[in-house]
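# Inside the fold
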Amino acid sequence: LSNDHQQTIDAFHWHVKCVKMLIQNNQTITPEAEDQEFYHSRKDWKDSSICEICYSLFGYLRRQHHCRICSISVCNACSQFRTIVLEYDPTIPVRICLVCEQQGF
């Protein structure tokens, strides 16, 4: 597959996972619900003094980053993964954390 096709497949997979999550949480799927934001915008990003996965302290040598799906504060080592998140940019893979990567986002 070309890179463009793979990104489209990844974006579709992400959308399906979000809809399944709504169904598992007994939330109704309506046209309005499908337009809901499943990602966390920058205003929802959680600030922390430690990585919320490995608990390393942030400082001059260890920068704080945020997962574009779950919004937790993470270090670079715990957020080396990239995926397409349509709400940010449908063509550029963005940073996600180890936990979201393991869950298949």
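The structure we're discussing is the one just above.
Residues numbered from 1 in each chain as written. Predicted model: local features only at pLDDT ≥ 70, side-chain atom pairs only at ≥ 80, totals over all residues. Heavy atoms only, no water.

### Quick notes on the environment of proline 93
- With respect to the element layout, proline 93 can be found in strand E4 (residues 89–96).
- Remark: the alpha-carbon pair of proline 93 and threonine 83, spanning 10 residues in sequence, is separated by 4.4 Å. (Helix = DSSP H or I, 4+ residues; strand = E, 2+ residues; numbered from the N terminus.)

### Topic: the environment of phenylalanine 81
- Here phenylalanine 81 shows up in strand E3 (residues 81–85).
- Separated by 14 residues in sequence, phenylalanine 81 and arginine 95 place their C-alpha atoms 5.9 Å apart.
- Residues in contact with phenylalanine 81, not counting those within four places in the same chain, are Val94, Arg95, Ile96, Cys97, Leu98 and Glu101. (Contact = heavy atoms within 4.5 Å.)

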